[in-house]
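Listed below are the residues making up each chain.
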Amino acid sequence: MLNALSVSIESDAEQVRRAETSLAAQGFVPAVRFDWETVSLRGWTTGDTALPEEHIDAVRLDDGFACCVGPLWYRGAFGRDALLRLLRDAGPNATVSGAGATDLPGAIEADEIRGCHAIFLQRGASAWLWNDAPGFVHVFGSSDGRFHSTSWLAARAYEGSNGIDEGAAVEYVLLGASHSERTVAAGVERLGLGQAIDLRHRRPHRWLAPEAWHGKDRIRSADQAREALVVHLRKVFAEIASAFPQRTRAALSGGFDSRLIVAGLLEQHEQPDLFVYGDASSSDVAIATEIAHSEGLRLQAIDKGALNAQLGIPDLEELVSSARFFDGLPNDGVLDPGADRRTRIAQSADGHIALNGGGGEIFRNFFHLPDRPFRPVNVVRAFYRGFDARVLRGPRALSTYQARLADSIAHCVGGADEDGRLSREQIERVYPLFRCHYWMGVNNGVALRSGYFATPLVDLPAVRVACSLPLAWKNAGALQSALIDALHPGIARYRSSYGFRFSDGPSASARRSEWATRIRPVIARPLINATRRRLQGAGIPPSVLGRYRAMLDGEWRLDSVLDLQRLSDEAAFSRAVSVELVARGLVA
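A quick note: this is a predicted structure, and the numbers were derived from the prediction, not measured.

Analysis parameters
Residues numbered from 1 in each chain as written. Predicted model: local features only at pLDDT ≥ 70, side-chain atom pairs only at ≥ 80, totals over all residues. Heavy atoms only, no water. Core = buried A, V, L, I, M, F, W, Y, C linked by side-chain atoms within 4.5 Å. Buried < 20%, exposed > 50% of the residue type's maximum accessible area, 1.4 Å probe, protein only. Helix = DSSP H or I, 4+ residues; strand = E, 2+ residues; numbered from the N terminus. Contact = heavy atoms within 4.5 Å. Pairing = 2+ DSSP bridges. Phe/Tyr/Trp six-rings, centres within 6.5 Å; stacked < 30°, edge-to-face > 60°. Lys NZ or Arg CZ within 6 Å of the ring centre and 35° of its normal. Axes fitted to C-alpha atoms, helices over the stretch in contact; angles between N-to-C directions. Parallel < 35°, antiparallel > 145°, perpendicular 65-115°, else oblique. Left-handed = near helix turned anticlockwise from the far one by under 90°. Nonpolar A, V, L, I, M, F, W, Y, C, P; charged D, E, K, R; others polar. Expected span 1.5 Å × (residues − 1). Arc of directions from axis to C-beta. Polar contact = N/O pair within 3.5 Å; in protein donor to acceptor, adjacent residues only side chain to side chain. pLDDT = per-residue confidence, 0-100. Salt bridge = Lys/Arg side-chain N within 4 Å of Asp/Glu carboxyl O.

Enquirer: Requested: an account of the nonpolar core, with residues and values cited.
Expert: By size, the foremost hydrophobic cluster in this structure holds 184 residues, and its most contacted members are Phe120, Leu121, Tyr401 and Leu567. With nine residues, helix 13 (residues 424–447) is the largest single contributor of residues to this core. Non-local contacts of Leu567, meaning those with residues more than four positions away in its chain, are made with Val173, Leu174, Val391, Gly539, Ile540, Ala572, Phe573 and Ala576.

Rendered as structure tokens:
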């Protein structure tokens, strides 16, 4: 498979050279070259030598070419066959115009495109670059509009500046990702949700309008909702099993999402290789071990803490290596002694696909908000204020932070009404189209640099149904429990981390607990978070702060906007270190 793409359009040769040098430093080798008019595409793989083109996802016609990074399913076909169907459906004279809900070239069917991917497609007189509908594989573009890549570091190298967008950097450090089209690198932007790049005219084009995510059919009962989603999930997992027969790997814990993934695979007669993270005392390890033993499945328990302890504390050289592996800005930062990198590589080794349950919360009430409209800023207060407000320097810093996020939330779900509120259905779409698009997309993009990876629970048809359902059907995990039980009753009967078996659905105590969380006033939630932090003694150990301050001496780039000593946890500080490496030009 291809692990990265870069596309240049009449670009300066020196700028392209810098970008390609960055891709090489990240461990990529060129595998595919395609030149069309003023457009030059390069496909990259990881490894010591490039794979022959017949072993990667790229296809050619007399008047067309297509390739992709990441797994692609289209109309039941996978990989090269899927690309060929896309090319044929695009048509030789397809043009992109209008603003329809699914405005793809020719007769391409948006509902039939699945997987986490970025696609380049040229047919006849036109060429496009776009990604999966939820935008889980980020595509980054330069300020001059002449360079695009799935690698943020490459786009930043093309830009040729160590400049930092402070607002995006603050979001990254506090939340694990920047939450708009702007990125930490000043001038480098992310391809917007539902956008494609029209490469012939060098401009963005909206191929998927916000209305495409709206529920089309009225679902009248919880049973009808369950059946509609089960039919869809069976199709999704049948496609996976067909493309990767007995070559699937997945996590298994005591939670909903990993159980749903495993249920979908078992229903298709797959015997996935399973893994679980935690030490011997972990309830996740105990539950996963019980299930794997009873069902005859292979399970590897991985204690990342113990593995990292053996690897030792990373020095500056190791931090730079980590940053290159993770494309500069991973969700948890670059302070990884090596366990995260090793486990990611292992998950998709030997031609397996690693499946992750990320995004499965579309089947639950993720934000734990009551069933009514809310202003976007209330979503920010409910979920994106899990830090000490004093970490932000400046008299209006908190207001600016909240306003930026609120504007981005409204933009992602089609805009607020005339009273500035989002409907309850829009609030449900905030999770997949905002939270998952920005935060989960970082992880997905990194994972694809090592091999095949997918988050199959979230796609256009699933979001369309799940986000239109009454909350009463989803609260406390009622709907998702029913989905697990419908796909594989056997695996639903094992205990969960929630105090009930998914075959039974949420218990009375689980419903009471979820209700108690749901009724907390939004305005009080930052205070509740602050109290919890104090009780837990959250913060950065002075030894950790001192070690990396000494390693990277002098004033840090974000010192003027963030009080790093007040960060809530080591992951946030690890992200601050990531930004500092970039700002100092230590990571190319």
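Having put the structure on the table, let's press on.
Enquirer: Break down the sheet that holds strand 17 (residues 273–277) for me, citing the residues and quoting the values.
Expert: On the basis of which strands lie adjacent, the open sheet formed by five strands has the order 18-17-16-19-20 and parallel pairing. Two strands lie at the open edges of the sheet, namely strand 18 (299–302) and strand 20 (453–454), each paired on one side alone.

Enquirer: Which residues make up the packing of aromatic side chains, and what values go with them?
Expert: Enumeration according to the criterion identifies 25 aromatic pairs in this entry. A network of ring pairs unites the aromatic residues Phe366, Phe367, Phe383, Tyr384, Tyr431, Phe434 and Tyr438 as a single cluster. The aromatic ring of Tyr277 is capped on one face by Lys304, whose charged end is 4.3 Å from the ring centroid. Across the ring face of Trp556, the terminal group of Arg549 is positioned such that the distance to the ring centre comes to 4.8 Å.

Enquirer: Can you lay out unusual backbone geometry for me, pointing to particular residues and giving the numbers?
Expert: The backbone phi angle of Glu10 is positive, close to 50°, even though this residue is not glycine. Checked against the element boundaries, Glu10 lands in the loop between strand 1 (4–9) and helix 1 (13–25). With a phi close to 65°, Ala476 is a non-glycine residue in the positive phi region. In this fold, Ala476 is placed in the loop between helix 15 (471–474) and helix 16 (478–487).

Enquirer: Summarise the environment of Phe275; cite the residues concerned and give the values.
Expert: With respect to the helices and strands, Phe275 occurs in strand 17. Note on Phe275: relative accessible area 8%, which makes it buried. For the pair Phe275 and Trp36, spaced 239 residues apart in the sequence, the C-alpha separation amounts to 44 Å.

Enquirer: Talk me through the packing of helix 12 (residues 397–412) against helix 13; I want residue IDs and the actual numbers.
Expert: Close contact between helix 12 and helix 13 brings their axes to 9 Å; oriented N to C, the two are set at 120°. The orientation of helix 12 with respect to helix 13, classified from their angle, is oblique. Handedness of the helix 12/helix 13 crossing: right-handed. Taken together, the residues of helix 13 that come into contact with helix 12 (itself represented by Leu405, Ser408, Ile409 and Cys412) are Val430, Leu433, Phe434 and Tyr438.

Enquirer: Could you give an account of the packing of helix 9 (residues 316–325) against helix 10 (residues 339–347), with specific residues and numbers?
Expert: Put simply, helix 9 and helix 10 touch, their axes get as near as 11 Å, and they point 35° apart. For helix 9 against helix 10, the interelement crossing comes out left-handed. Residues Glu318, Ser321, Ser322 and Phe325 of helix 9 form the contact with helix 10, whose own contacting residues are Arg341, Arg344 and Ile345. Residue composition of the contact of helix 9 with helix 10, by class: two nonpolar, two polar and three charged.

Enquirer: Give a detailed account of helix 7 (residues 283–295), specifying residues and quantitative values.
Expert: Here helix 7 spans 18 Å end to end across 13 residues, near enough to the 18 Å set by a 1.5 Å rise per residue. Listed as buried for helix 7 are Val285, Ile287, Ala288, Ile291 and Ala292. End-on view of helix 7: buried residues confined to an arc of 165°, all on one side of the axis. Considering only its buried residues, helix 7 is in contact with helix 6 (256–267), strand 17, strand 18 and helix 17 (489–492). The backbone nitrogen of Asp284 lies 3.1 Å from a side-chain oxygen of the residue at the head of helix 7, namely Ser282. After helix 7 finishes, the residue Gly296 shows a positive phi value of roughly 70°.

Enquirer: Account for the confidence of the model for the chain, with residues named and values stated.
Expert: Put simply, the chain has an average pLDDT of 93, and 96% of its residues get 70 or more. When the criterion is pLDDT under 50, residues 94–101 qualifies, and its contacts beyond four places in sequence or with other chains add up to 22 contacts.

Enquirer: Give me the lowdown on the side chain of Ser348, citing residues and values where you can.
Expert: Within the secondary structure, Ser348 sits in the loop between helix 10 and strand 19 (353–355). Among residues more than four places away in sequence, those in contact with Ser348 are Arg249, Ser450, Gly451 and Tyr452.

Enquirer: Kindly report on the pattern of salt bridges, identifying the contributing residues and their values.
Expert: Counted according to the given criterion, the structure contains 41 salt bridges. We note a salt bridge from Arg200 to Glu37, for which the minimum N-O separation is 2.9 Å. Highlighted residues: Arg200 in the loop between strand 14 (195–198) and strand 15 (203–206) and Glu37 in the loop between strand 2 (28–36) and strand 3 (39–46), separated in sequence by 163 residues. Given a relative accessible area of 39%, Arg200 falls into the partly exposed group. Taking the relative accessible area as the measure of exposure, Glu37 reaches 55% and is therefore exposed. A salt bridge links Glu425 to Arg429; the nearest nitrogen and oxygen atoms lie 2.9 Å apart. One end of the pair, Glu425, and the other, Arg429, are both in helix 13, four residues apart, so they sit about a helical turn from each other. Given a relative accessible area of 28%, Glu425 falls into the partly exposed group.

Enquirer: Break down helix 6 for me, citing the residues and quoting the values.
Expert: With twelve residues, helix 6 extends 16 Å between its outermost C-alpha atoms, agreeing within 8% with the 16 Å of an ideal straight helix rising 1.5 Å per residue. Counting buried residues in helix 6 gives twelve out of twelve residues, a clear majority hidden from the surface. Residue His269 follows helix 6 closely and has a positive phi angle near 65°.

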